[in-house]
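Report on the structure
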Amino acid sequence: MTRILKYCLAVAAALMLAPICSAETRDRAGTADKNGSMQSLPDGEVLRWRGYSAWLIDPTRRYRHGVLGDAIEAGGFAVRTPQGRVAVYRLDSSAVFEDRRVRLADLDGDGVPEAVVIKSYLQRGAAVAIYRLKGDRIRPLTEGPAIGRANRWLNIAGIADFDGDGRLDIAYVQTPHLAGIVRVFTLRNGSLHEIGRKAGYTNHRIGSGDLDLARVVPGSATGARLRIAVIGTNAMAVLGFRNGRIVELSRSPN
Ligand SMILES: [Ca+2]
Ligand SMILES: [Ca+2]
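A few points on the structure. (Residues numbered from 1 in each chain as written. Chains lettered and ligands numbered in written order. Predicted model: local features only at pLDDT ≥ 70, side-chain atom pairs only at ≥ 80, totals over all residues.)

**Comments concerning the overall build of the chain**
When its secondary structure is counted, the chain shows 1 helix and 18 strands. Here the chain holds 254 residues, and 39% of them are scored as buried. At a minimum sequence separation of 6, the contacts of the chain that also span at least 24 residues come to 46%. (Helix = DSSP H or I, 4+ residues; strand = E, 2+ residues; numbered from the N terminus. Buried ≥ 20, exposed ≤ 12 C-beta atoms within 10 Å, placed from the backbone. Contact = placed C-beta atoms within 7 Å.)

**As for the environment of asparagine 189**
Tracing the sequence through the fold places asparagine 189 in the loop between β12 (181-188) and β13 (191-199). Classification of asparagine 189 by C-beta neighbours within 10 Å gives exposed; the count is 7.

**Remarks on the sheet that holds β13**
Spatially, 4 strands are ordered β10-β11-β12-β13 in an open sheet, and the strand pairing comes out antiparallel. At either margin of the open sheet sits one strand with a lone partner, and together these are β10 (154-160) and β13. Neighbouring strand axes in the sheet, compared pairwise and without regard to direction, differ in orientation by 25° on average. Relative to strand β11 (residues 169-174), β10 runs antiparallel, the two sharing 6 bridges. Bridging across to β11, alanine 160 finds its partner in aspartate 169. (Pairing = 2+ DSSP bridges. Axes fitted to C-alpha atoms, helices over the stretch in contact; angles between N-to-C directions.)

**Let's talk about the nonpolar core**
If you look at the biggest cluster of nonpolar residues, it comprises 66 residues, and the most contacted ones within it are Phe77, Ala115, Val128, Ala157, Val182 and Ile228. Top element by residues in this core is strand β8 (residues 125-134). It accounts for 7 residues. (Core = buried A, V, L, I, M, F, W, Y, C linked by C-beta atoms within 7 Å.)

**Re the environment of serine 120**
Here serine 120 shows up in strand β7 (residues 114-121). We classify serine 120 as buried; it has 27 C-beta atoms within 10 Å. Along the sequence, serine 120 and valine 96 sit 24 residues apart, while their C-alpha atoms lie 5.3 Å from each other. In contact with serine 120, other than residues within four places in its own chain, are Tyr63, Ala95, Val96, Glu98, Gly125, Ala126 and Trp153.

**Examining unusual backbone geometry**
Of note, the bond from serine 252 into proline 253 is cis; its omega dihedral lies within 30 degrees of zero at -10°. With phi around 60°, asparagine 151 is a residue other than glycine that occupies positive phi space. For asparagine 151, the location among the structural elements is in the loop between β9 (137-143) and β10. In this structure, threonine 175 is a non-glycine residue whose phi angle is positive, near 45°.

**A look at the environment of aspartate 108**
Position of aspartate 108 relative to the elements: it lies in the loop between β6 (103-105) and β7. Note: C-alpha distance between aspartate 108 and asparagine 189 (81 residues apart in sequence) is 8.9 Å. Among all residues touching aspartate 108, those that are not within four sequence positions of it are Glu114 and Leu187.

**Topic: the pairing of β8**
By the criterion of burial, β8 is predominantly enclosed, with 8 of the 10 residues buried. Here 8 bridges tie β7 to β8, and the two strands are oriented antiparallel to one another. Each residue of the ladder has a partner; that of isoleucine 118, found in β8, is valine 128. The antiparallel hairpin formed by β7 and β8 contains 3 residues in its connecting segment.

Laid out in structure tokens, this is it:
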């Protein structure tokens with residue numbers, strides 16, 4: 001038993017209270033069970049940002065889509081703070097997280113990461129959902145537009161400053177197995193605003209668990225670039241912003 005745990009138990013016993021040093025916090029829906037356990041998504045990943053880490057939980061089969069290789073999606077996610085506390089957020093039955101990871105990025109520059117996840121509504125398809133960490137709790141901040149139909153998905157391609165204005169943006173591919181529309185959004189005043197789109201690219205093969213067929217290429221003074229597959233070909237393209245629009249800067253092979 002660690003010294004910290006001994007201390008917690010001693011304090012709890014002394015105060016005749018439940019242990020106050022529990023690592024778990026609880027959201028509105030109630031979260032972890034009494035032992036604080038959570039079931040992770042079988043093919044989920046843990047992503048980290050500075051002292052934070054995040055992962056998907058609550059495997060569910062309530063959305064019969066399966067473009068990521070199985071029909072098991074996540075019903076919630078957890079974030080561990082640098083202080084070791086774990087906050088949990090759970091969706092209601094109208095949606096799932098159709099994703100393998102929770103991306104952490106400080107979109108508003110306040111020093112605390114936001115959580116960015118692909119959320120799929122059972123009736124309206126996928127949207128980008130952003131959550132804010134507030135103390136030990138997770139609160140919904142905003143969402144992008146849902147595609148509008150069930151079984152229509154999007155795949156996040158990268159989070160970087162694509163238009164060079166100094167603020168992070170979110171790039172995703174809407175329907176990467178169909179039209180393959182690259183859309184770039186930025187967070188402004190608590191809402192997502194679209195700053196560019198361009199059709200004809202993909203960052204996912206249907207049925208694959210690999211979400212990373214696109215890569216952010218950092219380092220340009222005019223903004224980060226996106227290296228991404230051209231849909232229906234074996235070519236890779238590099239996309240970037242020019243004069244406020246997304247353009248294809250290069251392609252190989254031509
Ligand atoms: Ca932030
Ligand atoms: Ca930007």
